[in-house]
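Close look at the chain arrangement
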Amino acid sequence: MHGSRIGPAAASLGLALVVAGTFLPWFRSGSVGRSSYAAAGLADRLALLDHPLAGPALRAWVAVPAVAAVCLVLFVCGVARTAATVTALLAITGGTIALLATVQSGGSAGVVSVSLSGPLTTLGGSALALAGALGTFITARAGRTR
């Protein structure tokens with residue numbers, strides 16, 4: 001594969017994993033698994049997080065698949081640096097949230113617990129997407145200096 005295509009390909013695969021991970025179970029209540037979207041919607045409706053930015057952030061989480069799709073379209077259209085920038089922002093945000101959920105899973109043995117399949121898939125996808133975005137920046141920079 002041509003060197004300038006490895007970064008966008010890795011970023012694209014990472015974005016696909018991020019989106020897939022958001023639909024996998026993140027929380028379990030009883031025998032029911034809840035995706036990140038179900039959990040965010042419930043937390044928003046019940047006002048479980050006491051922070052002024054929590055509500056807008058929870059409502060914005062549903063945009064993850066759309067933002068990932070925009071990144072993929074930008075990569076395909078050859079707007080690699082813009083795509084890599086947005087990919088990096090999404091990967092950092094999604095990866096941070098997934099990491100927080102993963103860390104919280106250690107002590108959850110109650111009625112509601114963290115299910116690791118969603119957060120770990122999202123975290124791995126975020127790492128791959130971020131690596132791909134950084135690779136895209138490096139190859140774009142190297143191409144400009146030649």
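Structure shown above.
Residues numbered from 1 in each chain as written. Predicted model: local features only at pLDDT ≥ 70, side-chain atom pairs only at ≥ 80, totals over all residues. Heavy atoms only, no water.

1. Things to note about the overall build of the protein chain
Looking only at helices and strands, one finds six helices and three strands in the protein chain. Counting from the amino terminus, helix and strand elements in the protein chain follow one another as α-β-β-α-α-α-α-β-α. Sequence separation of 24 or more characterises 69% of the internal contacts of the protein chain that already satisfy a separation of 6 or more. By element, 70% of the accessible surface of the protein chain is carried by carbon and sulfur atoms, the whole surface being about 8,200 Å². (Helix = DSSP H or I, 4+ residues; strand = E, 2+ residues; numbered from the N terminus. Contact = heavy atoms within 4.5 Å. Areas by Shrake-Rupley, 256 points an atom, 1.4 Å probe, with all protein chains shown as cover.)

2. Focus on the side chain of S35
In this fold, S35 is placed in strand β2 (residues 32–35). Accessibility expressed as a relative area gives 16% for S35, which makes it buried. Those residues in contact with S35, other than ones at most four positions away along the chain, are T22, F23, L24, P25 and W26. (Buried < 20%, exposed > 50% of the residue type's maximum accessible area, 1.4 Å probe, protein only.)

3. Focus on helix α5 (residues 80–104)
Taking 1.5 Å of rise per residue, 25 residues should cover 36 Å, and α5 covers 35 Å from first to last C-alpha, within 8% of that figure. Residues of α5 that are buried include every one of A83, A84, T87, A88, L90, A91, G94, G95, A98, A101 and T102, and no others. (Expected span 1.5 Å × (residues − 1).)

4. Some remarks on helix α4 (residues 64–76)
Three or four residues apart is the spacing at which side chains of an α-helix point the same way, because the helix has 3.6 residues per turn. Counted at 1.5 Å a residue, the expected span for α4 with its 13 residues is 18 Å, and the 19 Å between its end C-alpha atoms agrees. For α4, the full list of buried residues reads V64, A68, C71 and F75. Relative to the axis of α4, the buried residues are bounded by an arc of 55° and lie together on one face. (Arc of directions from axis to C-beta.)

5. A few points about the packing of aromatic side chains
By the definition in use, this model includes two aromatic pairs. On the numbers, 4.9 Å between centres and 50° between planes, the contact of F23 with Y37 is tilted. In this pair, F23 is assigned in helix α1 (residues 3–23) and Y37 in helix α2 (residues 36–45), connecting sequence segments 14 residues apart. Summarising the aromatic geometry, the rings of W26 and W61 are spaced 6.1 Å apart at their centres and angled 70° between planes, so their arrangement reads as edge-to-face. Remark: W61 occurs in the loop between α3 (54–60) and α4 and W26 occurs in strand β1 (residues 25–29); sequence separation between them is 35 residues. Across the pair, exposure class does not vary: W26 and W61 are buried alike. (Phe/Tyr/Trp six-rings, centres within 6.5 Å; stacked < 30°, edge-to-face > 60°.)

6. Concerning the packing of α4 against α5
Running from N to C, α4 and α5 cross one another at 155°; their axes reach a closest spacing of 8 Å. Accordingly, the angle class assigned to the pair α4 and α5 is roughly antiparallel. In terms of crossing hand, the pair formed by α4 and α5 is left-handed. For the pair α4 and α5, the contacting residues are V64, V67, A68, C71, L74 and F75 in the first and A80, T82, A83, A84, V86, T87 and L90 in the second. Residue composition of the contact of α4 with α5, grouped by class: eleven nonpolar, two polar and no charged. (Axes fitted to C-alpha atoms, helices over the stretch in contact; angles between N-to-C directions. Parallel < 35°, antiparallel > 145°, perpendicular 65-115°, else oblique. Left-handed = near helix turned anticlockwise from the far one by under 90°. Nonpolar A, V, L, I, M, F, W, Y, C, P; charged D, E, K, R; others polar.)

7. A few points about the nonpolar core
Membership of the largest hydrophobic core comes to 17 residues, with the highest contact counts inside it found for L15, W26, W61, V64, A68 and L90. It is α5 that provides the largest number of residues to this core, a total of four residues. Counting six residues, the second largest nonpolar core, distinct from the first, contains A11, A84, A88 and A133. (Core = buried A, V, L, I, M, F, W, Y, C linked by side-chain atoms within 4.5 Å.)

8. Considerations on the sheet that holds β2
The three strands are arranged β2-β1-β3 in an open sheet whose pairing can be described as antiparallel. Edge positions in the sheet fall to β2 and β3 (112–114), since each has one partner strand and no second. Averaged over all pairs of adjacent strands, the angle between strand axes in this sheet comes to 30°, irrespective of strand direction. With four bridges joining them, β1 and β2 adopt antiparallel strand pairing. Note that in β2 the partner of F27 across the bridge is R34. (Pairing = 2+ DSSP bridges.)

This is a description of form; function is not addressed.
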